Amino acid sequence: MTDARFRVGLIGARGHVGAELVRLIYGHPSLELAFVSSRQLEGRPLSDLLPEATGASLAIESLGPIDAASREVDAVFLALPNGHAAPYVAAIDAASPRTRIVDLSADHRFSPEWSYGLPERTRAALRSAERIANPGCYATAAELALDPLVPLLARPPSIFGVSGYSGAGTTPSPKNDAEALRDNLMPYALTGHVHEREIAHHLGAAVRFMPHVAPFFRGITLTIDCELTLALDAPELSARYEARYAKEPLVKVTRVAPLVRDAAHKHTVQLGGFTTDGTRAVVVATIDNLLKGAATQALENANLALGLPELAGIPISNSAD
Ligand SMILES: NC(=O)c1ccc[n+]([C@@H]2O[C@H](COP(=O)([O-])OP(=O)(O)OC[C@H]3O[C@@H](n4cnc5c(N)ncnc54)[C@H](OP(=O)(O)O)[C@@H]3O)[C@@H](O)[C@H]2O)c1
């Protein structure tokens, strides 16, 4: 990549999200991978994560906070499990405070000092931001699905969510155990899930979120049941979404209910299935949890923070979106 203008590092490259980030950054016209860190893959060539990087000279390293912070880069992506960002942030704050950080974990999503990176809602604050909390996957889809209705909510909407098991990361657990999930649907954290609090915090409206894990690998579908303060018919409901998202390339509004299988490998959130009954309104949202739910959005946020076009390195033309 000869035209690279910004050097970036990635901590947590072995994970599902990290692997997507490696692929997107490697193909980005204005970013260069300066380091890629995973403890388990230390010393392995980059092509272990990205087969098309066969000729790349970069090897995967295992970098602790001090080592990572000593590297001269413009931005660092943290794709670590929740609860592990703090030592990296502290080391970067001390050694190179102007280095942008995009944290994909939940660790800074409630911190007022950090910018919440949901461009469709917080774009202005992300330009030139230095500390960005990337939203959760369920939260991204739910916040975009509820945004047009927030002023009309009569009571907290119910969000029935189903995620593919990549949402549970690579650390073995029942939620990513193929045998436990076979022919199955696994409810969990039916009140108080961190994304329930995240959605409510950032929308400024209480919600009821009930997540489940399914046997498919990637993708999320949310069915959201809202009681409104006025009656809308289905065309009025969908028109409200079409108007809100007409200029948002990563939000697709469809009349029919989107299907989770069609969301996989796409960079967009799909909103549709608009159904009403008097003041009751139901909306369906789908998202690829690893892309717009994580890596794609992290790249949008880094692009904005670095002054690049928001969608640089994100191929959204025709079927690739
Ligand atoms: N999966 C999703 O759908 C999704 C969506 C949105 C946001 N997120 C968030 O993104 C983050 C990454 O998710 P993931 O699903 O990719 O997780 P994951 O598959 O479990 O990967 C975690 C990564 O962190 C590294 N790691 C684990 N413990 C570490 C430690 N103590 N110090 C340094 N590195 C450590 C692991 O590699 P080594 O063990 O080799 O170092 C691995 O690369 C999480 O915070 C998650 O909440 C995930």
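What counts, and where the lines are drawn
- Residues numbered from 1 in each chain as written.
- Predicted model: local features only at pLDDT ≥ 70, side-chain atom pairs only at ≥ 80, totals over all residues.
- Heavy atoms only, no water.
- Helix = DSSP H or I, 4+ residues; strand = E, 2+ residues; numbered from the N terminus.
- Rg over C-alpha atoms; globule rule 2.2 N^0.38 Å.
- Buried < 20%, exposed > 50% of the residue type's maximum accessible area, 1.4 Å probe, protein only.
- Contact = heavy atoms within 4.5 Å.
- Areas by Shrake-Rupley, 256 points an atom, 1.4 Å probe, with all protein chains shown as cover.
- Lys, Arg positive; Asp, Glu negative; His and termini not counted.
- Charge placed at Lys NZ, Arg CZ, Asp CG, Glu CD.
- Pairing = 2+ DSSP bridges.
- Phe/Tyr/Trp six-rings, centres within 6.5 Å; stacked < 30°, edge-to-face > 60°.
- Lys NZ or Arg CZ within 6 Å of the ring centre and 35° of its normal.
- Domains from an automatic or database assignment.
- Buried area = accessible area lost by both parts, 1.4 Å probe.
- Near = heavy atom within 4 Å.
- Polar contact = N/O pair within 3.5 Å; in protein donor to acceptor, adjacent residues only side chain to side chain.
- Salt bridge = Lys/Arg side-chain N within 4 Å of Asp/Glu carboxyl O.

A word on the overall build of the protein chain
In step 1: The helix and strand tally for the protein chain stands at ten helices and 13 strands.
In step 2: Taking 321 residues into account, the globule formula puts the C-alpha radius of gyration at 20 Å, and the protein chain, at 19 Å, falls close to it.
In step 3: Along the longest, intermediate and shortest principal axes, the C-alpha atoms of the protein chain span 60 × 45 × 35 Å.
In step 4: Here the protein chain holds 321 residues, and 53% of them are scored as buried.
In step 5: Considering only residue pairs separated by 6 or more positions, the protein chain has 71% of its internal contacts joining residues 24 or more positions apart.
In step 6: Summed over all atoms, the accessible surface of the protein chain reaches about 13,500 Å², with 53% contributed by carbon and sulfur.
In step 7: Mean positive and mean negative side-chain charge positions of the protein chain (29 and 35 charges, respectively) differ by 1 Å.

Regarding the sheet that holds strand β7 (residues 158-163)
In step 1: Taken together, seven strands build an open sheet; the order of strands is β8-β9-β7-β10-β13-β12-β11 and the sheet is mixed. Taken across any chain shown, the strands that pair with only one partner, and hence form the sheet edges, are β8 (186-187) and β11 (251-253).
In step 2: Relative to strand β10 (residues 220-227), β7 is paired through six bridges, and the arrangement is antiparallel. Bridged to Ser158 within β10 is Asp225.

Let's talk about the packing of aromatic side chains
In step 1: A full pass over the atoms with the stated rule returns three aromatic pairs.
In step 2: Between Tyr241 and Phe274, the ring centres sit 4.8 Å apart and the planes meet at 40 degrees, which makes this aromatic pair tilted. Here Phe274 lies in strand β12 (residues 269-277) and Tyr241 lies in helix α8 (residues 234-245), a separation of 33 residues in the sequence. The same class applies to Tyr241 and to Phe274, which are both buried.
In step 3: It is Lys175 that lies over the ring of Tyr188; its NZ or CZ is 4.7 Å from the centre.

Examining the domain arrangement of the protein chain
In step 1: Parsing the protein chain into structural domains produces domain 1 (6-134 + 292-312) and domain 2 (137-288).
In step 2: Here the C-alpha centroids of domain 1 and domain 2 sit 26 Å apart.
In step 3: Opposite the 19 residues of domain 1 that make contact, domain 2 presents 29 residues.
In step 4: For the pair domain 1 and domain 2, the summed buried area comes to about 2,100 Å², and 55% of that belongs to carbon and sulfur atoms.

Overview of the pairing of strand β3 (residues 75-78)
In step 1: Of the two faces of β3, the one holding Ala75 and Phe77 and the one holding Val76 and Leu78 are both buried throughout.
In step 2: Two elements, strand β1 (residues 6-11) and β3, share four bridges in a ladder whose sense is parallel. Note on β3: the bridge partner recorded for Val8 is Ala75.
In step 3: Across four bridges, the pairing between β3 and strand β4 (residues 100-103) is parallel.

Observations regarding the site of the ligand
In step 1: The immediate surroundings of the ligand are formed by 26 residues, with Arg14, Ser38, Arg39, Leu80 and Asn289 found nearest.
In step 2: Taking Gly15, its main chain carries an N or O atom lying 3.0 Å from an oxygen atom of the ligand.
In step 3: The separation between an oxygen atom of the ligand and a polar main-chain atom of His16 is 3.1 Å.
In step 4: Notes on the ligand: free accessible area 880 Å², of which the protein chains cover 89%.
In step 5: Those elements that provide at least two residues to the shell around the ligand are α1 (16-26) and α10 (291-306).
In step 6: Mapped onto the domain boundaries, the shell around the ligand takes at least three residues apiece from domain 1 (6-134 + 292-312) and domain 2 (137-288).

A closer look at the side chain of Asp103
In step 1: Mapped onto the fold, Asp103 is located in strand β4.
In step 2: It turns out Asp103 is buried and unbridged, and the closest side chain with the opposite charge, Arg109, is 6.9 Å from it.
In step 3: Within the structure, the side chain of Asp103 is placed 2.9 Å from the backbone nitrogen of Ser105, a separation counted as a polar contact.
In step 4: The contact partners of Asp103, leaving out residues within four places of it in the chain, are Leu78, Ala85, His108, Trp114, Ile132, Ala133 and Asn134.

Brief notes about α1
In step 1: Buried residues of α1: Gly18, Glu20, Leu21, Val22, Leu24 and Ile25, and no others.
In step 2: Buried residues along α1 sit against β1, β2 (31-37), β3 and α10.

Here we look at the sheet that holds β4
Hydrogen bonds along the backbone pair up the strands of a sheet, which may run parallel or antiparallel.
In step 1: Strands sit in the order β2-β1-β3-β4-β6-β5 across an open sheet of six strands; the sheet is parallel. Of all strands in the sheet, those bounded by a partner on one side alone are β2 and β5 (115-116).

Re the pattern of salt bridges
In step 1: A complete count under the given rule lists 19 salt bridges for this structure.
In step 2: Arg71 serves as the salt-bridge partner of Glu61, at 2.7 Å between the closest nitrogen and oxygen. Of the two residues, Glu61 is situated in the loop between β2 and α2 (65-70) and Arg71 in the loop between α2 and β3; the sequence distance between them amounts to ten residues.
In step 3: With a relative accessible area of 29%, Arg71 lands in the partly exposed category.
In step 4: Note that Glu310 is salt-bridged to Arg123, the shortest N-O span being 2.6 Å. Highlighted residues: Glu310 in the segment after α10 and Arg123 in helix α4 (residues 119-126), separated in sequence by 187 residues.
In step 5: Glu310 sits in the buried class, given a relative accessible area of 15%.

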